[in-house]
Amino acid sequence: MLMMGKLGTLIHTGRFLLRRFSEPPPAVAMPRVSFHRYYSSKFISLLSPLVSPFSSLLKPQALSSSAFSTTTRVEVNSTEHEVVIALGSNIGNRMNNFREALRLMKLGGICVTRHSCLYETAPVHVTDQPNFLNAAVRGVTKLPPHELLAVLKTIERDMGRTDGIRYGPRPLDLDILFYGKMRIASEKLIIPHERLWERSFVLAPLVDLLGTSVDNDTVAHWHSLALHPGGIHQAWERLGGESLVGQDGVQRVLPIGDELWDFTSRTHVMGILNLTPDSFSDGGQFQSLDSAVSRVRSMVSEGADIIDIGAQSTRPMATRISSQEELDRLLPVLEAVRGLPEMEGKLISVDTFNSEVASEAISNGADILNDVSAGTLDPNMHKVVAESGVPYMAMHMRGDPCTMQNEENLQYSDDVCKDVASELYMRVRDAEISGIPAWRVMIDPGIGFSKRVEHNLDVITDLPKIREEMAKSSIGVSHAPILIGPSRKRFLGDICGRPEAADRDAATVASITAGILGGANIIRVHNVKDNADAAKVCDAMLRRRRSKG
């Protein structure tokens, strides 16, 4: 399940952008406006001067308290500029390198507001080196362009970057892709880079930072800089677009611990372990440590990739228990499951909307935090997850388990998928603003939560619509792994006339099949064996479909 080894060599692409930003650009004949900065004898060419600067709600820290502050006089105004910065790494712990770079960027006066997905890419030119990890971020800064460049170069040096071999291994690359509405040409910096549009490993994360709808005039200007009509999106499509991901040495991945998870290669099965006395399907069956451990062993042997452990019921009208009671149920089982030899190569998810429980679970070995409220039921949840570094499963729900099926929470427009996508995207944005990068987020449309029978059916059969709606605001978020969890839910019993939850496994297989064929990456189920088989058949059908073009 976790990606191992190299992905193969990129075809007709390279790491030109990440290697060339520091090289002298070709001579450009155009009017120049000088800034008295680090490079006082150099000039910046402003082909498209800033007209109406983008103002963010987030403000970077003052440079006077930063290690990157300078005493050089700045002859610019204090307006914030929106920027895009590319990241690359292939030495050491690549994910830790990115985390540290983001921390230092914040200290240096760069406030990151959006993150792309992560991409593992094969090296080129010098191929005898580790794979690269690539990403990009959007942010705002008051630093003028060359000051920003100096800050990024300082971070690279602090992270161990040396001149080394051209195109060779390096712990960190930080390069400016866009700066406000400016075109820049100097001996130290050229924006946009002349060959940006040829590099899939740069364009893929860049596109992630945008929506299919243009969200402000700065982004509109970035599109205008593309070499072809249709802007950045068309440039990406001309290279091959999504068809390149998973091929051509470019793989979209999600970080889990020190590993990178390839969530697109096949459907992953999450087995449910309820430690509660009142869960709707199997409440009370696995409250003892021995029975819980036995159940985990059984699910792993039947094909579970992830074990999702829950100690607080989220069924309709469930009573909320104290943090201590939830921890008393959870921690002994979590510790025992983490130590099972059978769990090698498997993942543990903890299902909780309580930040105190989440913190303890992560400290005791949870790989994923699964929050049915997406942070709405505990204001500290996003902070805990942000600091932990674990992936975050954000689910759509209105209200709480006691109110989610109230009449007011069941009111949607004529397009429930559009409403779910919009509401869930706003919760993901809240998480990102709180410090959880989009590359660590997974999404769950919340089947059975705040939805009628017809709503659940629409969500299951139209997952592409949810991705499409999210892509209007963020293409990166629209690429997040999607989990579906219809297993044994009441709406299946209503359709099939099965009042007992345990009698709904066949109906679960049918709904799981529809979801996988519609793009679900993870299925959360009680009956692992039957649904794992269904997933294998669906994956085979999808592979066959792709092979036929």
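Residues numbered from 1 in each chain as written. Predicted model: local features only at pLDDT ≥ 70, side-chain atom pairs only at ≥ 80, totals over all residues. Heavy atoms only, no water.

*Asks:* I'd love a proper account of the layout of surface pockets, names of residues and values included.
*Replies:* By volume, the largest pocket amounts to about 960 Å³. Along its surface, the largest pocket is lined by 30 residues, and Glu242, Thr264, Gly519, Asn521 and Arg546 are the ones closest to its centre. Every element with two or more residues in the lining of the largest pocket is listed here: strand S8 (250-256), helix H13 (463-471), helix H16 (505-517) and helix H17 (528-547). Among the elements that line the lining of the largest pocket, the one with the most residues is H17, at 5 residues. (1 Å grid on protein atoms, 1.4 Å probe; cavity = no way out; pocket = protein on both sides within 12 Å on 5 of 7 lines; lining within 4 Å. Points joined across faces, edges and corners; volume = space filled by probe spheres on them. Helix = DSSP H or I, 4+ residues; strand = E, 2+ residues; numbered from the N terminus.)

*Asks:* Please give an account of the nonpolar core that cites residues and values.
*Replies:* If you look at soluble globular proteins, the nonpolar side chains tend to sit buried side by side. Membership of the largest hydrophobic core comes to 72 residues, with the highest contact counts inside it found for Leu273, Ile307 and Ile309. Sorting elements by how many residues they give to this core places helix H11 (residues 416-433) first, with 8 residues. The residues touching Ile309, leaving out its near neighbours within four places in the chain, are Leu273, Leu275, Leu330, Val333, Leu334, Val337, Ile348, Ser349, Val350 and Asp351. Counting 32 residues, the second largest nonpolar core, distinct from the first, contains Val83, Leu102, Ile176 and Met182. (Core = buried A, V, L, I, M, F, W, Y, C linked by side-chain atoms within 4.5 Å. Buried < 20%, exposed > 50% of the residue type's maximum accessible area, 1.4 Å probe, protein only. Contact = heavy atoms within 4.5 Å.)

*Asks:* An account of a negative patch on the surface is requested, with residue identities and associated values reported.
*Replies:* A cluster of acidic residues, Glu454, Asp458, Asp462 and Glu468, forms a negative patch on the protein surface. Tracing the chain through its elements places Asp462 in the loop between helix H12 (453-461) and H13. (Patch = residues over 30% accessible without salt bridge, like charges linked within 9 Å, V, L, I, M, F, W, Y side chains within 5 Å. Areas by Shrake-Rupley, 256 points an atom, 1.4 Å probe, with all protein chains shown as cover. Salt bridge = Lys/Arg side-chain N within 4 Å of Asp/Glu carboxyl O. Lys, Arg positive; Asp, Glu negative; His and termini not counted. Charge placed at Lys NZ, Arg CZ, Asp CG, Glu CD.)

*Asks:* Provide a residue-level description of empty space enclosed by the protein, including the pertinent values.
*Replies:* A full pass over the atoms with the stated rule returns 3 cavities of 30 Å³ or more. In this model, the largest cavity occupies a volume close to 60 Å³. Lining the largest cavity we find 14 residues, and of these Cys117, Phe263, Ala438, Trp439 and Pro481 sit closest to its centre. Top element by residues in the lining of the largest cavity is S8. It accounts for 3 residues. Each residue belonging to the lining of the largest cavity can be placed in one class, and the counts come to 10 nonpolar, 2 polar and 2 charged. (Nonpolar A, V, L, I, M, F, W, Y, C, P; charged D, E, K, R; others polar.)

*Asks:* Give a detailed account of helix H6 (residues 231-239), specifying residues and quantitative values.
*Replies:* Among all positions of H6, only Gly231, Ile232, Ala235 and Trp236 are buried. Each buried residue of H6 lies within a common arc of 165° when the element is viewed along its axis, so the set occupies one face. Contacts from the buried residues of H6 go to strand S5 (173-179), helix H4 (200-208) and helix H5 (217-224). Two residues or fewer past H6, Gly240 is found with a positive phi of approximately 130°. (Arc of directions from axis to C-beta.)

*Asks:* Break down the packing of H4 against H6 for me, citing the residues and quoting the values.
*Replies:* Look at H4 against H6: their axes get within 10 Å of each other, and the N-to-C directions meet at 140°. By the criterion of interaxial angle, the relationship of H4 to H6 is oblique. Considering how the two elements wind past one another, H4 and H6 form a crossing that is left-handed. On H6, the residues that touch Ser200, Leu203, Ala204, Leu206 and Val207 of H4 are Ile232, His233, Ala235, Trp236 and Leu239. In terms of residue class, the contact of H4 with H6 is made up of 8 nonpolar, 2 polar and no charged. (Axes fitted to C-alpha atoms, helices over the stretch in contact; angles between N-to-C directions. Parallel < 35°, antiparallel > 145°, perpendicular 65-115°, else oblique. Left-handed = near helix turned anticlockwise from the far one by under 90°.)

*Asks:* Talk me through the packing of aromatic side chains; I want residue IDs and the actual numbers.
*Replies:* Under the defined criterion, the tally for this structure stands at 4 aromatic pairs. Centre to centre, the rings of Phe178 and Trp197 are 6.4 Å apart; their planes meet at 45°, and the pair counts as tilted. Within this pair, whereas Phe178 is found in strand S5, its partner Trp197 is found in the loop between strand S7 (190-191) and H4, the two being separated by 19 residues in sequence. A single burial state applies to Phe178 and to Trp197, both of which are buried. (Phe/Tyr/Trp six-rings, centres within 6.5 Å; stacked < 30°, edge-to-face > 60°.)

*Asks:* Lay out the sheet that holds strand S17 (residues 522-525) in plain terms, naming residues and giving numbers.
*Replies:* If you walk across this open sheet you meet the 8 strands as S15-S14-S13-S12-S11-S10-S17-S16, and the pairing is parallel. Strands at the two margins of the open sheet, each flanked by one partner only, are strand S15 (441-444) and strand S16 (483-484). Examined bridge by bridge, strand S12 (residues 347-351) and strand S13 (residues 368-371) share 3 bridges and lie parallel to one another. By the bridge assignment, Val350 is partnered in S13 with Leu369. Across the sheet, helix H8 (residues 323-338) is in contact with strand S10 (268-274), strand S11 (306-310) and S12; its angle to S12 comes to roughly 175°. (Pairing = 2+ DSSP bridges.)

*Asks:* Give me a nonpolar patch on the surface: which residues, what numbers.
*Replies:* Taken together, Leu517, Val537 and Met541 make up a surface patch of nonpolar side chains, about 240 Å² in accessible area. Topologically, Leu517 is positioned in helix H16.

*Asks:* An account of the pattern of salt bridges is requested, with residue identities and associated values reported.
*Replies:* Counting across every chain of the model gives 26 salt bridges. Among the ionic pairs, Asp173 bridges to Arg161, the shortest N-O distance being 2.4 Å. A residue pair is termed long-range when its members are at least 10 positions apart, and Asp173 in strand S5 and Arg161 in the loop between helix H3 (145-158) and S5 qualify at 12 residues. For the pair formed by Asp173 and Arg161, the shared burial category is buried. The closest approach of N and O atoms between Arg252 and Glu242, which form a salt bridge, is 2.6 Å.

*Asks:* Which residues make up the side chain of Asn90, and what values do they have?
*Replies:* Turning to its location among the elements, Asn90 is positioned in the loop between strand S1 (81-89) and helix H2 (94-107). Looking at Asn90, the relative accessible area reads 3%, which means it is buried. Polar side-chain contacts of Asn90 include one of 2.8 Å to the side chain of Gln129. In terms of polar contacts, Asn90 uses its side chain to reach the backbone amide nitrogen of Arg170, at 2.8 Å. Aside from chain neighbours lying at most four places away, what touches Asn90 is Gln129, Pro130, Asn131, Phe132, Pro169 and Arg170. (Polar contact = N/O pair within 3.5 Å; in protein donor to acceptor, adjacent residues only side chain to side chain.)

*Asks:* Which residues make up the environment of Met395, and what values go with them?
*Replies:* Mapped onto the fold, Met395 is located in strand S14 (residues 392-395). By relative accessible area, Met395 is classed as buried at 2%.

*Asks:* Give me the lowdown on the confidence of the model for the chain, citing residues and values where you can.
*Replies:* When pLDDT is averaged across the chain, the result is 85; 84% of the residues are at 70 or more. Contacts of residues 1-77 to residues separated by more than four positions or lying in other chains number 203 contacts, the stretch itself having pLDDT below 50. (pLDDT = per-residue confidence, 0-100.)

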